[in-house]
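Structural description and commentary
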Amino acid sequence: MFVNSTRNVMRSSFLQRCKSTLVVAEHNNEALNPLTLNTISAAKKIGGDVTVLVAGTKCGPASEALSKVEGVTKVLVAENAAFKGFTAESLTPLVLAAQSQFKFTHILAGASAFGKNVLPRVAAKLDVSPISEIIDVKSEDTFVRTIYAGNAILTLKSKDPVKVITVRGTNFPPAATSGGSGAVEQAPAGEYASSLSEFVSQELTKSDRPELTGAKVIISGGRGLKSGDNFKLLYDLADKFGAAVGASRAAVDAGFVPNDLQIGQTGKIVAPELYIAVGISGAIQHLAGMKDSKTIVAINKDPEAPIFQVADIGIVADLFKAVPELTGKL
Ligand SMILES: Cc1cc2nc3c(=O)[nH]c(=O)nc-3n(C[C@H](O)[C@H](O)[C@H](O)COP(=O)(O)OP(=O)(O)OC[C@H]3O[C@@H](n4cnc5c(N)ncnc54)[C@H](O)[C@@H]3O)c2cc1C
């Protein structure tokens, strides 16, 4: 009995010492994406050292910011023209090179378009199962995620030697951006240019509004808005709150707004302090993206709309009257 428990204590302190996580940072060569800070918090919850990998054509701003983040032990920097456009085909061999040098037990990235693109490829190359969009860490091998569009919660235990995980940012607080003193080092050098894919160009939606996934207040519009021009009603209301504007898939499909505004199972997952759903019925795939918001307000003319089942405050009204009235009163 005594021998067994001593062995267990030794084993757990050995594991504690051996745990080490690589966080693949997301940035745009100019600034760090805040999702990386939430991902670092998930890494800290796993325990052990946290190393962050910054790859891109210009890594200075992100690596400087990351070296100051609390809990970051080391920042590996890979500045190379090969990483233009952050393609999965160029980044994967870099992550694998870092993995073979440092033997991390966990490799994490935020569950954004970037993380979802790169990490499953890394997992396949390591011959392990990727673990998608965790919402909690129970222990070093046990994680929680949602399934069935957020309608069931699954706790899974991974037996893989390396856990490759994407992290749902809204479920972890951002790590403090000061107080850390991570050592900045060069990532393993190599020939990372891919012959398989090449970044050609991108079209970004320009907006002065806060980024959707980090916004404290979000006003979302659905098919009930009837046209793209009518979204002006929501922009006027959003200006009063300094809010971001989102949309349902029906609004995106109808061409009212670009698809990077889509919230839901196949769009962005958000959890702001206040979510105002306007002319949105509340389909299960939409709720999957917003039902963890602190306070949900729904404006809909149909009292039977499913959105009212998750709303804290429901206004049964014609949005074309209710929204301007609300804007006027604020
Ligand atoms: C695989 C899959 C993935 C999907 N992923 C997503 C996703 O990520 N995000 C997403 O949003 N959807 C997603 N969908 C689509 C989803 O099923 C719904 O079709 C969509 O969310 C409906 O959008 P909506 O609520 O804007 O439109 P509708 O369901 O048409 O609802 C419009 C609402 O507006 C109200 N309304 C109309 N006029 C007014 C008015 N004048 N004043 C007040 N209220 C008014 C109506 O009462 C109605 O409730 C997905 C579907 C599938 C199959």
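Below, the structure is looked at part by part. Each residue is numbered by its place in its chain's sequence as written, counting from 1. The predicted origin of the model limits local features to residues at a pLDDT of at least 70 and limits the giving and counting of side-chain atom pairs to 80 or more, whereas totals for whole chains, interfaces and linings rest on all residues. Hydrogens are left out, water is left out, and the side-chain values use all remaining heavy atoms of the structure.

So, on to the overall build of the chain. Starting at the N terminus, helices and strands are each numbered in turn, a helix being any DSSP run of H or I of at least four residues and a strand any DSSP run of E of at least two. For the chain, the helix and strand inventory stands at nine helices and 14 strands. Over its C-alpha trace the chain gives a radius of gyration of 22 Å, about what one expects of a compact globule, namely 20 Å for 330 residues. Oriented by its inertia axes, the alpha-carbon framework of the chain measures out at about 70 × 55 × 35 Å. Buried residues in the chain amount to 46% of all 330 residues. Residue contacts follow a heavy-atom distance rule, with two residues in contact if any of their heavy atoms lie within 4.5 Å. Counting only contacts in the chain whose residues sit at least 6 apart along the sequence, the fraction spanning at least 24 positions is 65%. Throughout, radius of gyration means the C-alpha value; the globule benchmark is 2.2 Å times the number of residues raised to the power 0.38. Relative accessible area decides the class of each residue, using a 1.4 Å probe on protein chains only: under 20% of the type maximum gives buried, over 50% gives exposed, and in between gives partly exposed.

In this section: the sheet that holds strand β14 (residues 313-316). DSSP bridges decide pairing: two strands pair if at least two such bridges lie between them. In space, the five strands of this open sheet follow the order β11-β10-β12-β13-β14, with parallel pairing throughout. Unpaired on one side and paired on the other, β11 (244-247) and β14 mark the two borders of the sheet. Strand after strand, the sheet turns through a mean of 15 degrees between neighbouring axes, direction not considered. Axis definition: a line fit to C-alpha positions, over the contact stretch in the case of helices; interaxial angles, taken between N-to-C directions, run 0 to 180 degrees. In the packing of helix α9 (residues 319-329) onto the sheet, contacts are made with β12 (274-278) and β13 (295-300), and the angle to β13 comes to roughly 135 degrees.

The next thing to look at is the pattern of salt bridges. What makes a salt bridge here is a side-chain nitrogen of Lys or Arg within 4 Å of a carboxyl oxygen of Asp or Glu, nothing more. A complete count under the given rule lists ten salt bridges for this structure. In this structure, aspartate 253 and arginine 249 form a salt bridge, with 3.6 Å as the shortest nitrogen-oxygen distance. Residue aspartate 253 and its partner arginine 249 are located together in helix α7 (residues 249-253), separated by four residues, close to a single helical turn. A single salt-bridge network, built from bridges that share partners, covers Lys45, Asp136 and Lys138.

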